[in-house]
Each structure stands twice: as structure tokens, then as C-alpha cells.
Amino acid sequence: MHSSSRRLLAAVAVSTVVAVVGTACSSGSGSSGAKGADSGTFTVWDPYPQFTKDSAWTKLLDDCGGKAGVKIKRTGYDTSDLANRTLLAAQQGNSPDVLVVDNPVVSTLAEAGVLTTTDDNKLDTSKVDPNLLAAGQSDGKTYGTPIGANTLALYYNKSVLKEAGVDIASVKDWPSLTAALEKVKKAGKKGITFSAIGTEEGSFQFLPWFWGAGAELTRLDSDQAVSALSLWKGWLDKGYAPNSVLNNTQTTSWQEFAGGDFAFAENGTWQLAGAEKAGFEYGVLPVPAAAGGSAAAPTGGEFVTLPVQDDTDRYTTSQKLATCLTSTQNLYDTDTTLSYVAPTTEVQDKQVAANAALQPWVDAVKKAKGRTSDNLGTKYPKISEQLWKAVQSALSGSKSPKDALTSAQDAAK
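Worth saying up front: this structure is predicted, and the values here are computed from it rather than measured. (Residues numbered from 1 in each chain as written. Predicted model: local features only at pLDDT ≥ 70, side-chain atom pairs only at ≥ 80, totals over all residues. Heavy atoms only, no water.)

Engineer: When you look at the pairing of strand β2 (residues 71–76) in this model, what are you seeing that I'm missing?
Structural biologist: With 6 bridges connecting them, strand β1 (residues 41–46) and β2 associate as parallel partners. Looking at the pairing, T41 lines up with K71 of β2. A crossover connection joins β1 to the parallel β2 through helix α2 (residues 56–68); in handedness this β-α-β unit is right-handed. (Pairing = 2+ DSSP bridges. Helix = DSSP H or I, 4+ residues; strand = E, 2+ residues; numbered from the N terminus. Right-handed = clockwise from strand over helix to strand, strands pointing away.)

Structure, rendered in C-alpha cells:
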């Protein structure tokens, strides 16, 4: 794409990126921006500011650079900051060589002309699970490869369920889950906690129920969508879920569950370390679909992408770096560090062999779905905003689930 067109599109896309991540062009020698003055230096930007220079992640980047015969200049940014900096760098013709970015942002950057396709950069994605790869696809083209995935499931407190006389094997669909919550409340304990906050986190947490009802993001006011929102509203009305869910982030929701009184919490793979430290026995159950089986939960996690460069000779080395980062052994090591499920069956099997507790998460990831899948791309942020507003309206009692979703669909159009 012509550079002036890229700059225009990139500028237009900034507001879109800001909405999505509210949850991850070369200059010549001597540039003061993303490229080092030394042409043997390749830049990597990622959304892991928590990893310091002596971290396993940074060492992996340096190791991959060494194998490719180049030095790595790595910068970690907060997720929302990273997306906006990437768009600005593209406008200035100064993109990083390798960009690790939150998967819902990929389609926005792709539409802005910032990213190369796998046809261009020759990244091999043949081993990646198709449902995970879909989060980085738009209009039939693939923009990068996932470094790992996380998703949502239900954690449960075994002692609370035992005290309430609930057999977890009986929880297979929405009616049986609601029946379990009723027993828990009668036993004097708390039912389920989740995040319904008015941000992307709220949409992220509602999607398994929305999709589990058979609803689609292109029609927010369907009967299936109304049934999903009515489920949550019914739980609040009956005291099975606390009113705090309206303001809960996924972190504060987890803190409620970690207190030990809740039977269930909807939360992510990233809470596994916290679960081990919670001081009670827990289990993990995929979010059930309305009529049984596992619901599709949204995929989180990042993609390794190669931004467009004016100096196309750089792609060969960038491809080597990306291939190294996503090799079987390096995926295993990285995803273990991040508490992610790997994007390939080969590495998933290795993860489960090392830690059997990961099996429910692998099962959930196999069923998971990208938020921008179904070719929604840059339409997703607007749809998501209307969805979380509808959830807030219904749970707060200002509108019925049906009216809230009707308003959401009208606004999303």
C-alpha cells in the first residue's frame, strides 16, 4: 500500500484501537525512532512491560537474535499504549521489525496497512489451531501467528460445593448450573462472581454466555442474546451473583472468589498461579452452553506480526526472528511463563503432560473463538461497546434485557 494511504488509514484507526484494548516502515540507517542506527539491530515491541532485561522473555529474544545474526532492541509497552505507538510509528515510516500485539488489534492494524500478510512474510502457520489463527485473519488474509492463547472458564471451590451438596458432574448446562447456585445460596454461601464492568472486560466475560446461547455479534437483539442476558439478570435478582459484578474487573472478581465463600468464578487462564495460592481446593469447568456442552469463550493472547517496512530486505531476518519465537520449544517455555495455552496441538500435549491441571484449559481453548472472527475485524469494537452498555443497563435494572439489547443493536448498526 502507498505510504501516504498508510498514514491516512493509520490515523483513522487510532480511535478504533483505543476502544478495542480497553482488556495486546523502515527508516534508513541512523534513524532516531524504532530502528537502531546499526542496520544489524532489529527492533521488537511487545505488550509485556513487566518483563525486565534479565527475564526469560528478554533472554529468548536475544537468543533468537543471536541465531539470526542480529542484535535485538526490545521495548515493552502497556497494551493500549503499544497499539497507539504502533500506528504513530507507521505514520512516521518507522515501524518495529517484529510486533507482538493483542489479538483483537491485529485486524485494526491490518486494515490500516501496518502489517504484512503471511503470504508476504512467509511465516508458517500450518500447525496453528484454525480457531486461534482466525483472530489474526481478515478478508481471507492472515497477519501473523499466535504466540499463545488464554480464555475463560469457571473456577469452582470444591469445599463450598461439597457443603452445599452439589456434585460438579451434574453441572452440564444453564439449568443445572442455576440449580447448583440455588443450593449454594441455601447453604449460606455465595454463588458466582464475574466481571460485568462497562468496558471490554465486561464484553469479554459475557461472550461465553452470549455465544453459548447461540447468539451472533451481528445481531445483538436476537432471542438467544436476550436469553443469555436474562440468565445473568436472573442470577442477580435471586442473589446468586453479587451486585458488585457491575463494577468488577476480572481482578476484583478474582479477589472475591479467592476470599473462599464463592462457589464459582468466571475467570481466565492467567489466574492459575493465584488459584494455587488461594488456600482451598479448586477445579476448573468449561463455561457450559445453554443446552449442554462447552460454550465458545473468547480468545485472549497475542500475535507475533511483522509490520510493513520500506526496506523489504529486512523481512527475511524478521521472519527468522518470528519463527524462532514460535518454535515448538520456545512456545512451550514462553506459554509456561505467561500461563497461556499454546496455539498448536503438539505443544498443548506437552503442556498437559507436564501439568495435568491444564487439560480443562486446553479443552476451553480448543472451543474458543476470536472476538474479531466471522470477518468482523474493525467492526468489533463498536459492537462490543454496545454489548457492554446493554449488560450494564440490564443488570442495573434501568432496562429489561430485551430493551437493552434492542437499543444496542440499533446503535451498533
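Moving on from the coordinates now.
Engineer: I tried to follow the state of the cysteines on my own but got confused; where do I start?
Structural biologist: A disulfide bridge is the covalent bond that connects two cysteines by way of their sulfur atoms. Summed over the entire model, instances satisfying the criterion amount to 1 disulfide. Here C64 pairs with C324 through a disulfide, and the sulfurs are 2.0 Å apart. Measuring the twist about the S-S bond at about -75°, one finds the C64-C324 disulfide to be left-handed. Taken together, the residues C64 in helix α2 and C324 in helix α13 (residues 315–325) connect sequence positions 260 residues apart. Like C324, C64 is buried. (Disulfide = S-S within 2.5 Å. Buried < 20%, exposed > 50% of the residue type's maximum accessible area, 1.4 Å probe, protein only.)

Engineer: How do you make sense of unusual backbone geometry when you look at a structure like this?
Structural biologist: Of all residues except glycine, most have a negative phi; of all peptide bonds, most are trans. Even without being a glycine, K122 presents a positive backbone phi close to 65°. Note that K122 resides in the loop between α5 (118–121) and α6 (130–133). For K122, a relative accessible area of 59% translates into the label exposed.

Engineer: Is there a simple way to think about the side chain of N150 in this case?
Structural biologist: Take N150: it is sitting in the loop between β6 (145–146) and β7 (152–157). N150 sits in the buried class, given a relative accessible area of 7%.

Engineer: Just to check I follow, could you spell out the sheet that holds β6 for this structure?
Structural biologist: For sheets, the rule is that strands pair by backbone hydrogen bonds, running either parallel or antiparallel. The strand order across the open sheet formed by 5 strands is β2-β1-β3-β11-β6, and the pairing between neighbours is mixed. Two strands in the sheet have a free side with no partner beyond their single neighbour: β2 and β6.

From the geometry alone we can't say anything about function, so treat these as descriptive.
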